[in-house]
Amino acid sequence: MRMMMHQFGMSLGTRDTGRLAKSKIIEILDNTEEKIIFDFSHVSVVSNSFADEVFGKLILEYGFDEFKARTTFANINRFAAICIKKAIENRIKAVQV
């Protein structure tokens, strides 16, 4: 299943937008076994706040291994990928401490 992230905006910058996206992602993850492809076509900016609210918190809820097995990313720019990677790494570190 392909989730077009631009449905939440071309610039993904707020925790409020992140909460909306995360709730839709959780609904999909809880109701299907299909792999989710997060497609960032037409998204120009992903903030640290959005990345943490969505991807950092999904790691807490599902665990890194399950999240990695059930999701992937497509058409993501370098800056957005770095923000998301950092959010995930920070949440993993916080759990390990």
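Residues numbered from 1 in each chain as written. Predicted model: local features only at pLDDT ≥ 70, side-chain atom pairs only at ≥ 80, totals over all residues. Heavy atoms only, no water.

> Hey, could you go over the overall build of the protein for me, with residue numbers and the actual values?
If you tally the helices and strands in the protein, you get four helices and five strands. Taken from N to C terminus, the helices and strands of the protein fall in the order β-β-α-β-β-α-α-β-α. Whereas a compact globule of 97 residues would reach a radius of gyration of roughly 13 Å, the protein reaches 12 Å, a difference of no more than 12%. Across its three principal axes, the protein shows a C-alpha extent of roughly 35 × 30 × 25 Å. The buried share among the 97 residues of the protein stands at 41%. For the protein, restricting intrachain contacts to residue pairs at least 6 apart in sequence, the fraction spanning at least 24 positions comes to 84%. Accessible area of the protein: about 5,500 Å², with a carbon and sulfur share of 53%. Where the 14 positive side-chain charges of the protein centre and where its 12 negative ones centre are 8 Å apart. (Helix = DSSP H or I, 4+ residues; strand = E, 2+ residues; numbered from the N terminus. Rg over C-alpha atoms; globule rule 2.2 N^0.38 Å. Buried < 20%, exposed > 50% of the residue type's maximum accessible area, 1.4 Å probe, protein only. Contact = heavy atoms within 4.5 Å. Areas by Shrake-Rupley, 256 points an atom, 1.4 Å probe, with all protein chains shown as cover. Lys, Arg positive; Asp, Glu negative; His and termini not counted. Charge placed at Lys NZ, Arg CZ, Asp CG, Glu CD.)

> Before we move on, could you go through unusual backbone geometry and cite the residues and values that matter?
Leaving glycine out, the prevailing phi sign among residues is negative, and the prevailing peptide bond configuration is trans. Within the chain, His-42 stands out as a residue other than glycine whose phi angle is a positive 70 degrees. Within the secondary structure, His-42 sits in the loop between strand E3 (36–39) and strand E4 (45–46). Taking relative accessible area as the criterion, His-42 reaches 58% and is therefore assigned exposed. A positive phi angle is found at Asn-75, which is not glycine, with a value near 55 degrees. Inspection of the secondary structure assignment puts Asn-75 in the loop between strand E5 (71–74) and helix H4 (78–96).

> Residues and numbers for helix H2 (residues 48–62), please.
Along its 15 residues, H2 runs 20 Å from first to last C-alpha, staying within 8% of the 21 Å computed at 1.5 Å per residue. What H2 keeps buried is the set Phe-50, Ala-51, Asp-52, Glu-53, Val-54, Phe-55, Gly-56, Leu-58, Ile-59 and Tyr-62. Among the residues trailing H2, Gly-63 stands out with phi positive, at a value near 85 degrees. (Expected span 1.5 Å × (residues − 1).)

> Tell me about the sheet that holds strand E1 (residues 2–4), and please be specific about residues and values.
Strands in a sheet are paired, the pairing made by backbone hydrogen bonds, and the direction either parallel or antiparallel. Ordered in space as E1-E3-E5, the three strands form an open sheet in which the pairing is parallel. Single-partner strands in this sheet number two, and they are E1 and E5. The average undirected angle you get between the axes of adjacent strands in this sheet is 25 degrees. The sheet contact formed by E3 and E5 spans four bridges and is parallel. (Pairing = 2+ DSSP bridges. Axes fitted to C-alpha atoms, helices over the stretch in contact; angles between N-to-C directions.)

> Give me the nonpolar core: which residues, what numbers.
Counting 27 residues, the largest nonpolar core has Met-5, Phe-38, Phe-40, Val-46, Phe-55 and Leu-58 as its most contacted members. Residue assignment for this core shows that the elements contributing at least two residues are helix H1 (15–31), E3, H2 and H4. Ignoring sequence-local partners within four residues, the contact set of Phe-38 consists of Met-3, Met-5, Ile-25, Phe-55, Phe-67, Thr-71, Thr-72, Phe-73 and Ala-74. (Core = buried A, V, L, I, M, F, W, Y, C linked by side-chain atoms within 4.5 Å.)

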